Amino acid sequence: MFAIRLPSSDETDVFRDGARRALAANIPPREIAFVTHDSGFLFDDFPKSDAAAALVTVPREFAGLMDDVLCHRADDRFALLYDVLWRLKHGEPYLLTNAADPAIAKLALYRKAIRRDVHNMHAFVRFHEKGGENGPLFLAWFEPDHFILKKATPFFADRFANMHWIIATPIGTASWDTKSLRFGPAMPKPEHLEDEVLSGLWRTYYRTIFNPARLKTDAMRKEMPRRYWKNMPEAELIPAMIQTASQRVIGMDREPDPAPRFAEKARPRQQTKTTADTMPKDSLEQLKANAAKCTACPLYKHATQTVFGEGPSTAKIVFVGEQPGDQEDITGKPFVGPAGQILNHALEEAGIDRARTYVTNAVKHFKFEPRGKRRIHSKPNTGEIQVCSHKWLVRELDLLEPETVVAMGATAAQALAGKAMAIGKNRGHILQWPDGRRGLITVHPSYLLRIPNAADKKAEYKKFVHDLKLIA
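What comes next is a walk through the structure. Note that the structure is a prediction, hence the values are computed from the model and not measured. (Residues numbered from 1 in each chain as written. Predicted model: local features only at pLDDT ≥ 70, side-chain atom pairs only at ≥ 80, totals over all residues. Heavy atoms only, no water.)

## Description of the side chain of Asp117
Then comes step 1: Within the fold, Asp117 resides in helix α4 (residues 102-124).
Then comes step 2: If near-sequence neighbours (up to four positions away) are discounted, Asp117 is found in contact with Pro144, Asp145, His146, Ile148 and Tyr228. (Helix = DSSP H or I, 4+ residues; strand = E, 2+ residues; numbered from the N terminus. Contact = heavy atoms within 4.5 Å.)

## Some remarks on the environment of Phe138
Then comes step 1: Inspection of the secondary structure puts Phe138 in strand β4 (residues 137-141).
Then comes step 2: Here the alpha-carbon distance between Phe138 and His164, two residues 26 residues apart in the chain, equals 6.3 Å.
Then comes step 3: Among all residues touching Phe138, those that are not within four sequence positions of it are Phe127, His128, Glu129, Met163, His164, Trp165, Ile166 and Leu198.

## Some remarks on empty space enclosed by the protein
Then comes step 1: Taken as a whole, this structure holds 2 cavities of 30 Å³ or more when the rule is applied.
Then comes step 2: The residue inventory of the lining of the largest cavity, partitioned by class, reads 8 nonpolar, 1 polar and 2 charged. (1 Å grid on protein atoms, 1.4 Å probe; cavity = no way out; pocket = protein on both sides within 12 Å on 5 of 7 lines; lining within 4 Å. Points joined across faces, edges and corners; volume = space filled by probe spheres on them. Nonpolar A, V, L, I, M, F, W, Y, C, P; charged D, E, K, R; others polar.)

## Regarding the packing of aromatic side chains
Then comes step 1: Summed over all chains, the structure comprises 11 aromatic pairs.
Then comes step 2: Centre to centre, the rings of Phe15 and Phe78 are 5.8 Å apart; their planes meet at 35°, and the pair counts as tilted. Here Phe15, found in helix α1 (residues 12-24), pairs with Phe78, found in helix α3 (residues 77-89); they are 63 residues apart in sequence, far enough to count as distant. Exposure class is identical for Phe15 and Phe78. Each is buried.
Then comes step 3: With centroids separated by 6.2 Å and ring planes inclined at 70°, the aromatic side chains of Phe156 and Trp165 adopt a geometry described as edge-to-face.
Then comes step 4: Judged by its relative accessible area of 0%, Trp165 is buried.
Then comes step 5: Following the ring pairs from residue to residue traces out a cluster consisting of Phe127, Phe155, Phe156, Phe160 and Trp165.
Then comes step 6: Against the face of Trp202 rests Arg126, its NZ or CZ located 3.7 Å from the ring centre. (Phe/Tyr/Trp six-rings, centres within 6.5 Å; stacked < 30°, edge-to-face > 60°. Buried < 20%, exposed > 50% of the residue type's maximum accessible area, 1.4 Å probe, protein only. Lys NZ or Arg CZ within 6 Å of the ring centre and 35° of its normal.)

## Some details on the nonpolar core
Then comes step 1: Formed by 52 residues in total, the largest nonpolar core has its most connected members in Phe319, Val320, Leu416, Trp433, Ile441, Phe464 and Leu468.
Then comes step 2: Sort the elements by how many residues they give to this core and helix α15 (residues 382-400) lands first, with 6 residues.
Then comes step 3: Setting aside anything within four residues of it in sequence, one finds Leu468 in contact with Phe319, Ala346, Leu347, Ala350 and Ile352.
Then comes step 4: Ranked by size, the runner-up nonpolar core spans 32 residues in total, among them Ile114, Phe127, Phe155 and Met241. (Core = buried A, V, L, I, M, F, W, Y, C linked by side-chain atoms within 4.5 Å.)

## Focus: the packing of helix α14 (residues 338-350) against helix α19 (residues 454-469)
Angle between the axes and distance between the axes: these two values describe a pair of packed helices.
Then comes step 1: One way to put it is that α14 packs onto α19 with a least axis distance of 9 Å and a crossing angle of 55°. Our classification of the angle between α14 and α19 gives oblique. For the pair α14 and α19, the sense of crossing is right-handed. Counting all contacts with α14, which are made through Ile342, Leu343, His345, Ala346, Leu347, Glu349 and Ala350, the residues of α19 involved are Tyr461, Phe464, Val465, Leu468 and Lys469. (Axes fitted to C-alpha atoms, helices over the stretch in contact; angles between N-to-C directions. Parallel < 35°, antiparallel > 145°, perpendicular 65-115°, else oblique. Left-handed = near helix turned anticlockwise from the far one by under 90°.)

## Examining the sheet that holds strand β12 (residues 404-408)
Then comes step 1: Sheet architecture is open: 5 strands sit in the order β9-β8-β12-β14-β13, paired in mixed fashion. Taken across any chain shown, the strands that pair with only one partner, and hence form the sheet edges, are β9 (358-361) and β13 (431-432).
Then comes step 2: The sheet contact formed by strand β8 (residues 317-321) and β12 spans 4 bridges and is parallel. The residue of β12 that forms the bridge with Val320 is Ala407.
Then comes step 3: In this fold α15 packs onto β8, β9 and β12, with an angle of close to 165° to the strand it touches most, β9. (Pairing = 2+ DSSP bridges.)

Pasting the structure below:
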């Protein structure tokens, strides 16, 4: 039995080289052990001269899995990866799709832990301004669970490209000088780290977004584990805010709702001079005018206006989304915000002229939660979807008579199918809606906006364009 010695961090090139040499020498997993440099191991080290490091091609899915898992601290991660790699090369080409396989299942858990750790670093790093020779230096301390420094810090280089910052951790440091990202050795936690300005801003921000009416302490601790609190200035507010939450809810109930005031202020600017009486019956114009006065569900009370569909009445393709967003609610037009911009680009790449399509939503009023001066999207419930679908969407489609109706997101699919439809299971192929029309299910463009990783976002965007090409 041979040993291949590896660093205890995420140096993936060393593992790749060792795995290639072992495969080239045709050494099965049971005859080789991957150990760290400081590990006492009785067997001989695998000699580099025994076999050339042959070029090994692996499925893209395995390469991505390996890049994630090698960041994990588990001692058996190397052996598990080599075992899977060996089996992929010796008669099990579909191994990666077998979620019940013990090695695959364990690697999936490791990958999940890495992605959660990266997410936590992105969410809980707090910079503090310090004086520097070349201007302000922003310093942060974070304690990751795994070796994720190189995987997580490019996010900060993109987000804070014009800042000179350093993130120190027990596993190493990352520094950005506005031009290049560099990595260095570990360092102890800096003393007197906090500064009053940025720490005060974090406390103010957290007080603003904290909603006592939606407080769920177990969920909060799961999303923001207590071990990160010591490095987050706003965390010192949490015990008192939890203790006073019930009293604050009582006070909120007594305060006037700011949303109607906003709606009343904005609505006069959106009123149209035409009336339903001057429009021809059984037309989209008539239906739009009637929908403008809709009070069938409570959503009309706080929304600025009804946001009806838009596009030529001769459109052969109709795109259905979930509901209008903040910008759509103010302008009265569907898909004019960030999600609409992504849709426009995707349609262009798919070879579909947006001007010849019709876009609408399953729910015509903006459902939201006031949060300070912002209005945060809130998902419509089943009752609201059914009411709006039967009252407006079905009649809208009957007047348009399109050849294809595309559901973007689960809410739109539910409105068109009359039941819940899983996106992942049903996307990517042409189907038929209960009314007999040809259909397609894909993701909502806003889903692409919420993907934090740039590579994942690019891949999902390509899948979205591919879906649209099916109907181009």
